[in-house]
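Residues per chain are reported as follows:
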Amino acid sequence: MASEVLVIEGLKTYYFTLKGIVRAVDGVSLKLRRGEVLGLAGESGSGKSTIAWSILGLVPPPGRIVSGSIVVDGMEVTRMSESELRRKLRWKKVSMIFQGAMNALTPVYTVGRQIEEVLRVHAGISGYEARKRVYELLESVGLHKTIADRYPHELSGGQKQRVVIAMALALEPDIVIADEPTTALDVVVQAQILNLLKRLQREKGLSIILITHDLGVIAELADTVAIMYAGKIVEYGSSEDIYKNPKHPYTQALLKAIPRLRGPVDKLAYIPGQPPDLRNPPQGCRFHPRCPLAFERCRMNEPPLFNLGDGHLSACWLNEGEA
Ligand SMILES: Nc1ncnc2c1ncn2[C@@H]1O[C@H](COP(=O)(O)OP(=O)(O)O)[C@@H](O)[C@H]1O
Ligand code: SF4
Ligand SMILES: [Mg+2]
């Protein structure tokens, strides 16, 4: 369908380490529609960033895409050479706000110069035209153009994150992947950055993949949510499905773990146990060692993603009857 800007099918991305094969992304399928915000949520280590790196052809060694397909705007990314990825994909079609990027801005250059550098290297734009574009970009992320002459250390965390977002927008991509874009920021600034992303999505028709370990962060922003556990998507659906009618015990546990901002202070629930070692994940349902509802079958057989209607998917044997 033309409305889909990204289609991932059966993606497997593994890290071939000396201590074994880390099955970081193990058979993931996803679609992103034009103008959609897709929230990708799950505990740390579940494979979220690896999906993002796979989309951009940037999986770090010893990792590589083992199988599956990633199609962006009709192009099969998994078969593109490094030079094609540079010329046709990165920055122009898909750009990424890396986890911690705001703290990786070069301290010795002004932010204006750093944004100009993106324009020069990836689009050959320089001089007056680049300067003008830098001012436009800064204004589009809610910063005054005089920020261009400042150094990163002169800016607040929120301002630095806006600069990083401006860079991601520099070449007008269709898709922006934001990996934990608010993690290092306080709650008020978090909300401002999320509002900015929402505004950019509306005004520019951007499609956004918003990656987070905190389901609370994407509640108001995401149209669709994919929940990852141990390299797999275990639940997928509209925001409404996920927040109001979660079907997978892992999603239910994640939602209980969100600190309550309003109302009486709840005891913060947490999910006992650790995510599995992805070199040797548990047999059957990967969540079974931590699942309060696990039964015999869960230890033996892996549940498929059951379709519960209206695109709501859940990989739990308890949902089999509803599918
Ligand atoms: N460069 C790497 N080498 C080996 N293993 C890695 C590397 N990067 C990530 N991993 C492993 O892959 C799994 C998924 O990691 P990641 O995609 O970063 O998860 P998330 O973004 O959800 O925290 C983890 O088990 C992690 O330890
Ligand atoms: S399949 Fe079994 S172990 Fe897995 S989430 Fe469902 S009930 Fe829990
Ligand atoms: Mg990550």
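Residues numbered from 1 in each chain as written. Chains lettered and ligands numbered in written order. Predicted model: local features only at pLDDT ≥ 70, side-chain atom pairs only at ≥ 80, totals over all residues.

Student: Run through the overall build of the chain, naming residues and quoting values.
Tutor: A count of helical and extended segments in the chain gives 10 helices and 12 strands. Taken against the 2.2 N^0.38 rule, which gives 20 Å for 323 residues, the C-alpha radius of gyration of the chain at 20 Å falls within 12% of a compact globule. With the principal axes as the frame, the chain shows a C-alpha extent of 70 × 50 × 40 Å. The proportion of buried residues among the 323 residues of the chain is 42%. Summarising the internal contacts of the chain: among those between residues at least 6 apart in sequence, 62% fall at separations of at least 24. (Helix = DSSP H or I, 4+ residues; strand = E, 2+ residues; numbered from the N terminus. Rg over C-alpha atoms; globule rule 2.2 N^0.38 Å. Buried ≥ 20, exposed ≤ 12 C-beta atoms within 10 Å, placed from the backbone. Contact = placed C-beta atoms within 7 Å.)

Student: Outline the site of ligand 1, supporting the account with residue identities and numerical values.
Tutor: Around ligand 1 sit 16 residues in total, of which Y15, A24, K48, S49 and T50 are the nearest. Among the elements that make up the shell around ligand 1, the one with the highest residue count is helix α1 (residues 48-55) (3 residues). Classifying every residue of the shell around ligand 1 by side-chain character gives 6 nonpolar, 9 polar and 1 charged. (Near = placed C-beta within 6 Å. Nonpolar A, V, L, I, M, F, W, Y, C, P; charged D, E, K, R; others polar.)

Student: Which residues make up the environment of R33, and what values go with them?
Tutor: By the element assignment, R33 lies in strand β2 (residues 20-33). Sequence spacing of R33 and T224 is 191 residues, and the spatial spacing of their C-alpha atoms is 10.0 Å. Sequence-distant contacts of R33, that is, excluding residues within four places in its chain, are made with S3, E4, V5 and S207.

Student: Outline the site of ligand 2, listing residues and values.
Tutor: C285, H288, C291, C298 and C316 are the nearest of the 13 residues found near ligand 2. Its residues assigned to classes, the shell around ligand 2 shows 11 nonpolar, 2 polar and no charged.

Student: Could you give an account of the pairing of strand β8 (residues 207-212), with specific residues and numbers?
Tutor: The buried fraction of β8 is high, at 6 of 6 residues. A two-sided burial pattern is seen for β8, the buried positions comprising S207, I209 and I211 on one face and I208, L210 and T212 on the other. With 5 bridges connecting them, strand β3 (residues 37-41) and β8 associate as parallel partners. Its bridge partner being in β8, G39 is matched across the sheet by L210. As defined by bridge partners, strand β7 (residues 175-179) adjoins β8 across 5 bridges and the pair is classed as parallel. Each residue of the ladder has a partner; that of D179, found in β8, is I211. Handedness of the β-α-β unit built from β7, helix α6 (residues 187-204) and β8 comes out right-handed. (Pairing = 2+ DSSP bridges. Right-handed = clockwise from strand over helix to strand, strands pointing away.)

Student: Explain the packing of helix α5 (residues 157-169) against α6 to me, and be specific about the residues and the numbers.
Tutor: In the contact formed by α5 and α6, the axes pass within 10 Å of each other and the chain directions differ by 20°. Classified by the angle between their axes, α5 and α6 sit roughly parallel to one another. Classified by chirality, the crossing of α6 by α5 is right-handed. Residues G157, G158, Q161, R162 and I165 of α5 form the contact with α6, whose participating residues are V189, Q192, I193 and L196. (Axes fitted to C-alpha atoms, helices over the stretch in contact; angles between N-to-C directions. Parallel < 35°, antiparallel > 145°, perpendicular 65-115°, else oblique. Left-handed = near helix turned anticlockwise from the far one by under 90°.)

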